[in-house]
Amino acid sequence: MDKYNVLVVDDEKEIRDAIEIYLRSSHDIKIIKAGDGIEALDILENTEIHLILLDVMMPKLDGIRTCMRVRERKNIPIIMLSAKSEDSDKILGLNIGADDYITKPFNPLELVARVKSQLRRYMDFGNIAIEDNSSTINIDGLLIDKDCHKVEVDGEEIKLTPLEYKILILLAENPGRVFASDEIYERVWNEPAYRSENTVTVHIRRIREKIEISPKEPKYIKVVWGVGYKIEK
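Quick caveat: nothing in here was measured; it's all calculated off a predicted structure.

**Examining the overall build of the protein**
Each helix and strand in the protein was counted, giving 8 helices and 11 strands. Since a compact globule built from 233 residues should have a radius of gyration of about 17 Å, the 18 Å found for the protein is in line with a globular shape. Along the first, second and third principal axes, the C-alpha atoms of the protein reach 50 × 35 × 30 Å. For the protein, the share of sequence-separated contacts (at least 6 apart) that also reach a separation of at least 24 residues comes to 60%.

Structure (structure tokens):
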């Protein structure tokens, strides 16, 4: 019986069909396909989707705008697919809410591994190694309820993606400790860090934009130049 619905959005039928073949070996995954962003958004209105594989270059509504529209309402994992490999394109995708980025042509084994990894993180939302067994963390107005996976700043609830939540939990449970980008990536993404600094930086920036009154003068997440990031209690 299928457990996860994966929405594949690409204007090339051959790519959609190839991805379906690659993921067919995973018997707990059902593939739902869309040819453009508008069709994808319609599917999301009527179907529970657990992950989106989203092409960047598409007619009608491209992947960037589609990702932004999805992020207005949902925190499900989004993996961008693109023939562009420049770091600036990857950073743009991450900045507007994508969780991962795969460059075409992609290795089928890598694609399957990344899909399963994102699904696992999404379904295990917040389950990272913890060093504090208390169910709540309160740092000067920043309240994290781990039982409910809820984050508030001065009483206002903040919506975080699963990866943003995990990064925040990692830092908040270890106040004062500086984490290098590679360590954050390995502990949150649960895979070896390879050119991961930009990915972590983008996610930290997104968290700051959500929890800080002034992201350029952060109250909570501090950068230790040349070393990494920390939260001071």
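**Observations regarding empty space enclosed by the protein**
Summary: where empty space remains is shown by rolling a probe the size of a single water molecule over the atoms. Considering all chains together, one arrives at 1 cavity of 30 Å³ or more under this definition. Of the pockets and cavities examined, the largest cavity occupies roughly 30 Å³. Along its surface, the largest cavity is lined by Val153, Asp154, Ile211, Glu212, Ile213, Lys219 and Tyr220.

**Things to note about the packing of helix H2 (residues 37-46) against helix H3 (residues 63-71)**
Remark: H2 packs on H3, axes separated minimally by 9 Å, with the N-to-C direction vectors making an angle of 20 degrees. Relative to H3, H2 is oriented roughly parallel. When the axes of H2 and H3 are compared, the crossing they make is right-handed. Residues Gly37, Leu41 and Leu44 of H2 touch H3, and the partners they reach there are Thr66, Arg69 and Val70. Class assignment for the residues of the contact of H2 with H3 results in 3 nonpolar, 2 polar and 1 charged.

**Focus on the nonpolar core**
Residues Ile144, Leu168, Ile184 and Ile221 are the most contacted members of the largest nonpolar core, which totals 29 residues. Listing elements by their share of this core, those giving two or more residues are strand E6 (136-139), strand E7 (142-145), strand E8 (150-153), helix H6 (162-172), helix H7 (181-188), helix H8 (197-211) and strand E11 (228-231). Contacts of leucine 168, omitting those with residues within four sequence positions, involve Leu142, Ile144, Val151, Leu160, Ile207, Ile211, Ile221 and Ile231. Counting residues in hydrophobic clusters, the runner-up holds 23 residues, among them Ile32, Leu41, Val56 and Ile76.

Parameters at a glance
Sequence positions are assigned chain by chain, starting from 1 and proceeding in written order. Only residues with pLDDT of at least 70 get local features here, since the model is predicted, and only at 80 or more are side-chain atom pairs given and counted; chain-wide, interface and lining totals rely on the full set of residues. For the side-chain quantities, the full set of heavy atoms in the structure was used; hydrogens and water were omitted. For the purposes of this entry, the term helix denotes a DSSP run of H or I that reaches at least four residues, the term strand denotes a run of E that reaches at least two, and both are numbered from the N terminus. A radius of gyration in this sense is built from C-alpha atoms; the matching globule rule multiplies 2.2 Å by the number of residues raised to 0.38. Throughout, a residue-residue contact means that at least one pair of heavy atoms, one from each residue, lies within 4.5 Å. In this analysis, the protein atoms alone were mapped onto a 1 Å grid. Cavities are point sets where a 1.4 Å probe fits without being able to get out; pockets are open sets with protein on both sides within 12 Å along at least five of seven lines; lining residues have an atom within 4 Å of a point. Grid points are joined across faces, edges and corners, and a volume is the space filled by probe spheres set on the points. Lines fitted to the C-alpha atoms define the axes, with helices restricted to the stretch that makes contact. Angles between their N-to-C directions range from 0 to 180 degrees. Throughout this description, any angle smaller than 35 degrees is read as roughly parallel, any larger than 145 degrees as roughly antiparallel, any in the 65 to 115 degree range as roughly perpendicular, and the remainder as oblique. If you view the pair so one helix is near and one far, a crossing is left-handed when the near helix is turned anticlockwise from the far one by less than a right angle, and right-handed when it is turned clockwise. Classes in brief: Ala, Val, Leu, Ile, Met, Phe, Trp, Tyr, Cys and Pro nonpolar; Asp, Glu, Lys and Arg charged; the others, Gly included, polar. Note on terminology: a nonpolar core comprises buried Ala, Val, Leu, Ile, Met, Phe, Trp, Tyr and Cys residues joined through side-chain atoms within 4.5 Å. A simple rule labels every residue: compare its accessible area, found with a 1.4 Å probe on the protein chains alone, to the largest value its type can have, and call it buried under 20%, exposed over 50%, or partly exposed in between.

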